[in-house]
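# Summary of the model geometry
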Amino acid sequence: MQDASRSGRVRKAPESFLNRDGIRAVFAQAKADRRSFIRSAFAAAAGMAGAGALAQSNPVPAEGGDPNILNLPEHSRGLGQGVAVEGYGKPSRFEANVQRRQSPGLTQTTQASVSFAPLQSLFGIVTPSGLHFERHHQGWWDVDPSRHRLMINGLVKAAKVFTVDEIMRLPSVSRFHFIECGANTGMEWGNVAVPTVQYTHGMISCSEFTGVPLVTLLEMAGADFKKGRFVLAEGADGSSMTRTIPMDLIKSGEVTVAYGQNGEMLRPEQGYPLRLVVPGVQGVSWVKYLRRIEVGDMPWAAKDEAVHYIDLMPDGLHRQYSGIQECKSVVTTPSGGQVLLDKGFYNISGLAWSGRGKVKAVDVSVDGGRNWRRARLETPVLSKALTRFNIDWVWDGKPAIIQSRATDDTGYVQPTYKQLRTVRGTRSIYHNNAIQSWLVQDSGEVKNVQVS
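Each chain has its residues counted from 1, following the order in which its sequence is written. Two thresholds apply to this predicted model, a pLDDT of at least 70 for residue-level local features and 80 or more for giving and counting side-chain atom pairs, whereas whole-chain, interface and lining totals are computed over all residues. Remark: hydrogens and water are excluded; side-chain values derive from all non-hydrogen atoms of the structure.

## A word on the overall build of the chain
Note the following rule: Helix and strand definitions here come from DSSP, where helices need a minimum of 4 consecutive H or I residues and strands a minimum of 2 consecutive E residues; each element is numbered from the N-terminal end. Relative accessibility under 20% of the residue-type maximum defines a buried residue, over 50% an exposed one, and the middle range a partly exposed one, all with a 1.4 Å probe and only protein chains included. Residue burial considers only the protein chains on display, and all accessible areas are found by Shrake-Rupley using a 1.4 Å probe.
If you tally the helices and strands in the chain, you get 10 helices and 23 strands. Evaluated residue by residue, the chain yields a buried proportion of 48% over its 452 residues. Here the chain displays about 22200 Å² of accessible surface, and carbon together with sulfur accounts for 53% of that area.

The following block contains the structure:
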């Protein structure tokens with residue numbers, strides 16, 4: 001385990017420098033509007049600083065003032081670097097710790113197949129392309145787009161083959177959507193308390209995808225939309241990933257053949273030059289290196305549908321073709337592995353999403369689910385995309401259990417573990433959307449716990 005102060009996970013904001021008198025002053029204003037609430041927190045902190053009540057963990061020099069204010073740093077006195085004539089832009093060297101990581105809870109292999117996005121370090125709803133989670137079934141390839149082809153066959157008037165250039169000439173759409181692996185939070189089914197939100201929920205990301213609606217390509221091939229009830233999507237990687245997609249999803253226009261992500265071409269690890277985008281459906285159906293679409297009248301029961309990505313139910317039957325990612329949320333700050341360095345005001349922040357539409361509401365509890373408060377949903381709130389939520393909290397230094405509970409616009413409410421296991425049993429692997437709990441200890445350390 002890395003030292004927390006070096007990892008960048010420990011950050012202390014000025015608003016946390018409140019003692020008990022300051023906390024009482026803030027609570028007295030709790031019924032006021034949010035701006036008054038935050039102003040009172042800062043005012044209390046500033047007032048007590050003059051009285052010597054500022055937390056000693058970050059003292060301000062009594063004489064001479066703060067040297068970081070009084071002394072101009074080098075970057076304020078010298079000539080900085082020029083524009084990079086060539087090359088791809090990179091983050092600050094001080095953010096080097098923010099990166100995708102392989103989970104310590106997975107079997108380690110010579111060729112990693114999964115990397116998790118650092119949700120605890122992200123802002124807003126868009127995942128930078130370089131931090132997008134990865135899942136591979138036979139490794140990734142950097143495919144030559146000039147040689148790549150997409151074929152449409154099956155129940156069509158005439159099989160058709162498209163080059164990447166031909167697809168990019170067609171009318172395009174750009175939409176923001178989340179993609180979540182069906183196994184996201186899967187280790188929690190077995191009470192495996194992996195340490196951070198990067199490892200519990202990091203197999204999810206959200207991007208702006210650009211491409212051509214799949215229905216457009218099917219129409220160009222003369223697909224039979226009466227007999228054709230499903231399509232088979234096949235990838236060009238070594239695993240020949242194949243997935244059945246219901247035609248109803250495709251006819252809605254949401255399913256796209258994408259070549260762009262976050263304003264640039266797809267990354268090789270994300271399926272360059274073509275991948276399928278199936279909003280709201282588990283990531284394995286977003287077939288990468290897409291090379292073939294076959295129209296048919298029944299599901300194919302391909303290897304990754306009949307053997308993998310299925311769940312054993314309590315009655316002994318397998319839960320199959322369970323593609324939709326149900327409504328879910330998680331608090332990302334404070335979350336496991338982080339440390340609250342002092343009592344006082346904090347902004348609780350997290351992400352919510354639903355594979356059936358928009359997030360309607362998120363409630364947050366700091367006492368393990370006994371009491372709930374409505375969080376703020378930050379705009380934009382988009383269908384089948386991540387939604388950022390925030391809520392104000394004054395920590396009194398005592399143990400707390402932080403949870404979030406999302407509701408989508410269909411009325412579906414995110415379940416507790418007890419509710420989910422009542423229906424699904426304990427032998428599932430996929431589609432765990434139970435409420436996540438973070439225990440804030442009196443030391444300020446935050447740990448992963450399960451509350452039924």
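## Quick word on the pattern of salt bridges
Going by this rule: By definition, a salt bridge exists where a carboxyl oxygen of Asp or Glu is found within 4 Å of a side-chain nitrogen of Lys or Arg.
In total, this model carries 16 salt bridges according to the counting rule given. Linking Arg291 and Glu234 is a salt bridge whose minimum nitrogen-to-oxygen distance equals 2.7 Å. Of this pair, Arg291 sits in strand E12 (residues 290-296) while Glu234 sits in strand E7 (residues 230-235), and the two are 57 residues apart along the sequence. We note a salt bridge from Glu326 to Arg356, for which the minimum N-O separation is 2.8 Å. Taken together, the positions of Glu326 in the loop between strand E14 (318-319) and strand E15 (328-333) and Arg356 in the loop between strand E16 (344-353) and strand E17 (359-365) put the pair 30 residues apart, joining distant regions of the chain. Shared partners join several salt bridges into a network, and the residues in it are Glu234, Arg291, Arg292 and Glu294.

## Concerning helix H10 (residues 417-424)
Here is the rule we go by: Think of the arc as the fan of directions from the helix axis to the C-beta atoms. Only heavy atoms enter the contact rule, under which two residues are in contact if any of them lie within 4.5 Å.
Along H10, the positions that sit buried rather than exposed are Tyr417, Leu420 and Arg424. The arc enclosing the buried residues of H10, seen along the axis, measures out at 70°, which places them on a common side. Residues of H10 that are exposed and point more than 90 degrees away from the buried face comprise Lys418, Thr422 and Val423. Looking at the packing, one finds that the buried side of H10 touches strand E13 (311-312) and E14. Backbone geometry just downstream of H10 places Gly425 in the positive-phi region, at approximately 80°.

## With respect to the packing of aromatic side chains
Stated formally: Ring geometry is summarised as follows: Phe, Tyr and Trp rings, the Trp one being its six-membered ring, pair when their centres sit within 6.5 Å, and such pairs are stacked at plane angles under 30 degrees, edge-to-face over 60 and tilted between the two. Look at NZ for Lys and CZ for Arg. If either is within 6 Å of the ring centre and within 35 degrees of the ring normal, a charge sits over the ring.
Evaluated as defined, the whole model comprises 5 aromatic pairs. The interplanar angle of 25° and the centroid separation of 5.0 Å between the aromatic rings of Tyr309 and Tyr430 together place this pair among those described as stacked. Residue Tyr309 is located in the loop between helix H9 (303-306) and E13, and its partner Tyr430 is located in the loop between H10 and strand E22 (437-440); the two are separated by 121 residues in the primary sequence. Over the aromatic face of Phe162 sits the side chain of Lys160, whose NZ or CZ is 5.6 Å from the ring centroid.

## Overview of the sheet that holds strand E19 (residues 376-377)
Definition in use: In this analysis, strands are considered paired if DSSP registers two or more bridges between them.
Strand order across the open sheet formed by 4 strands is E15-E16-E20-E19, with antiparallel pairing between neighbours. Only two strands of the sheet have a single neighbouring strand rather than two, namely E15 and E19. By the bridge criterion, 9 bridges tie E16 to strand E20 (residues 387-395) in an arrangement that is antiparallel. Residue pairing for E20: Ala352 is matched across the bridge by Thr387.

## As for the environment of Trp393
With respect to the helices and strands, the residue Trp393 is situated in strand E20. You can call Trp393 buried: its relative accessible area is 7%. C-alpha separation for the pair Trp393 and Ile348, spaced 45 residues apart in sequence, amounts to 6.7 Å. Once residues lying within four places of it in the same chain are set aside, the contact partners of Trp393 are Pro334, Leu340, Gly344, Phe345, Tyr346, Ile348, Val366, Arg373, Ala400, Ile402 and Val440.

## Notes on the sheet that holds strand E4 (residues 160-163)
Put simply, the test is: Fitted lines through C-alpha atoms give the axes, limited to the stretch in contact for helices. The angle between two N-to-C directions lies from 0 to 180 degrees.
Here we have 5 strands laid out as an open sheet, ordered E4-E3-E12-E7-E8, and mixed in their pairing. For this open sheet the edge positions go to E4 and strand E8 (242-246), each flanked by a neighbour on one side alone. Taken over all neighbouring pairs, the strand axes of this sheet differ in orientation by 20° on average, direction set aside. Bridge count between strand E3 (residues 149-154) and E12: 4 bridges; the pairing is parallel. Pairing of Gly154 across the sheet is with Val295, part of E12.

## Regarding the pairing of E7
When you tally the buried positions in E7, you get 6 out of 6 residues, the bulk of the element. Along E7, one buried face is formed by Phe230, Leu232 and Glu234 and the opposite face, lined by Val231, Ala233 and Gly235, is buried too. The pairing of E7 with E8 spans 5 bridges and is antiparallel. By the bridge assignment, Ala233 is partnered in E8 with Arg243. Joining the antiparallel neighbours E7 and E8 is a turn of 6 residues, in which Ser240 adopts a positive phi near 45°.

## What about the side chain of Glu180?
Heads up, the rule is: N or O atoms closer than or at 3.5 Å make up a polar contact, with two conditions inside protein: a donor-capable atom paired with an acceptor-capable one, and, for residues adjacent in sequence, both atoms drawn from side chains.
With respect to the helices and strands, Glu180 occurs in strand E5 (residues 173-180). Under the relative-accessibility criterion, Glu180 is labelled buried at 1%. Side chain to side chain, Glu180 and Gln325 meet in a polar contact 2.9 Å long. If sequence neighbours within four positions are ignored, Glu180 has contacts with Met203, Ile204, Gln282, Gly283, Gln325, Lys328 and Trp353.

## Comments concerning the side chain of Gln436
Turning to its location among the elements, Gln436 is positioned in the loop between H10 and E22. Relative accessible area serves as the criterion here: at 4%, Gln436 is assigned to the buried category. In this structure the side chain of Gln436 is engaged in a polar contact, spanning 2.8 Å, whose partner is the side chain of Asn448.

## Focus: the confidence of the model for the chain
Put simply, the rule reads: You can read pLDDT as the predictor saying how much it trusts each residue, on a scale of 0 to 100.
A residue-level look at the chain finds 84% of positions with pLDDT of 70 or above and a mean pLDDT of 86. Across residues 1-34, confidence stays below pLDDT 50; counting only partners more than four residues off in sequence or on other chains, it has 63 contacts. Here residues 41-59 is a poorly scored stretch, pLDDT under 50, and it has 23 contacts once near neighbours within four places are set aside; other chains count.

## A short note on the environment of Tyr259
Note that Tyr259 resides in strand E9 (residues 256-261). On the accessibility criterion, Tyr259 (8% relative accessible area) is buried. Remark: the alpha-carbon pair of Tyr259 and Pro273, spanning 14 residues in sequence, is separated by 5.7 Å. When near neighbours in sequence (up to four residues on either side) are disregarded, Tyr259 contacts Ile167, Met168, Ser172, Thr210, Gly211, Val212, Glu264, Met265, Leu266, Pro273 and Leu274.

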